[in-house]
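Analysis of the macromolecular model
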Amino acid sequence: MMLADGARVMFTGDSITDCHRRDTDNPLGYGYPLLVAGQWGLRQPDRVPVWMNTGISGDTLAGLGSRWQTDVLDERPDVVSILIGINDCGYRFSFGHDEVTADSYRAGYRQLLEPLAGVQLVLIEPFLLPVKEEQWAWRADLDAKIQVVRELAREFGARLVAADGMFAELAAGNNPEHWLSDGVHPTAAGHQALSEAWLRQVG
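Residues numbered from 1 in each chain as written. Predicted model: local features only at pLDDT ≥ 70, side-chain atom pairs only at ≥ 80, totals over all residues. Heavy atoms only, no water.

Looking only at helices and strands, one finds nine helices and five strands in the protein. Secondary structure of the protein in N-to-C order comes out as β-α-α-β-α-α-β-α-α-β-α-β-α-α. Scaling as 2.2 N^0.38, a compact globule of 203 residues should have a C-alpha radius of gyration of about 17 Å, and the protein matches this with 16 Å. Taking the principal axes of the C-alpha coordinates as reference, the protein spans close to 50 × 35 × 35 Å. With 203 residues in all, the protein has 53% of them scored as buried. Within the protein, contacts between residues separated by at least 24 positions form 78% of all contacts whose residues are at least 6 apart in sequence. In the form shown here, the protein has an accessible surface area of approximately 9100 Å², with 51% of it arising from carbon and sulfur atoms. The averaged location of the 28 negative side-chain charges in the protein is 4 Å from the averaged location of its 17 positive side-chain charges. (Helix = DSSP H or I, 4+ residues; strand = E, 2+ residues; numbered from the N terminus. Rg over C-alpha atoms; globule rule 2.2 N^0.38 Å. Buried < 20%, exposed > 50% of the residue type's maximum accessible area, 1.4 Å probe, protein only. Contact = heavy atoms within 4.5 Å. Areas by Shrake-Rupley, 256 points an atom, 1.4 Å probe, with all protein chains shown as cover. Lys, Arg positive; Asp, Glu negative; His and termini not counted. Charge placed at Lys NZ, Arg CZ, Asp CG, Glu CD.)

Turning to the state of the cysteines, a few remarks are in order. Per the stated rule, a full pass over the model turns up zero disulfides. Its sulfur unpaired, Cys19 is 20 Å from the next cysteine sulfur, which belongs to Cys89. For Cys19, a relative accessible area of 4% translates into the label buried. (Disulfide = S-S within 2.5 Å.)

Scanning the entire structure with this criterion turns up 13 salt bridges. With a shortest N-O distance of 2.8 Å, Arg139 and Asp143 are connected by a salt bridge. A residue pair is termed a helical-turn pair when its members lie 3 or 4 positions apart in one helix, as Arg139 and Asp143 do in helix 7 (residues 139-156) at four residues. By relative accessible area, Arg139 is classed as buried at 16%. The exposure class assigned to Asp143 is partly exposed, which follows from its relative accessible area of 34%. (Salt bridge = Lys/Arg side-chain N within 4 Å of Asp/Glu carboxyl O.)

As structure tokens, then:
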């Protein structure tokens, strides 16, 4: 996948993508979408995409689906990058929300992808590095959702950013909080790693 000059690139998802984009003067926020745009601009000054971010902190898959038309489809993107799923897992264990099964997650995610015929897709696995004992209980739930993202990437011909395995490898033998401060949200180093993984798939 190569981005043409003027290509409209949409990042969307939850807080990991949002990164306070609505609280600052930078509509890309301070996380991996900004780093992707910065690195791309440095390397490819002759091809300038239109970078967009509609991540919303706290979103679940259902929340993203409820705004899909206005926040994604109506923007007429050429590329859509999606990172969603950790809240569908974590809210169950942290707040007692109903379980989002792998089957319902698959069905809801597929509904997002089906209207995007002709659009280039980048799917980012949800990820977790347990830094609290109770987060280990999330693992089986999240692993099932990661498998769904991998299946859908194959089905829809999307580029897959295998973020969960990447962070596990980075954290091997050192402090996981160096990469994900609370096990979920990337640090500056984590966002840098995520942006570089994204660019390896796209650039």
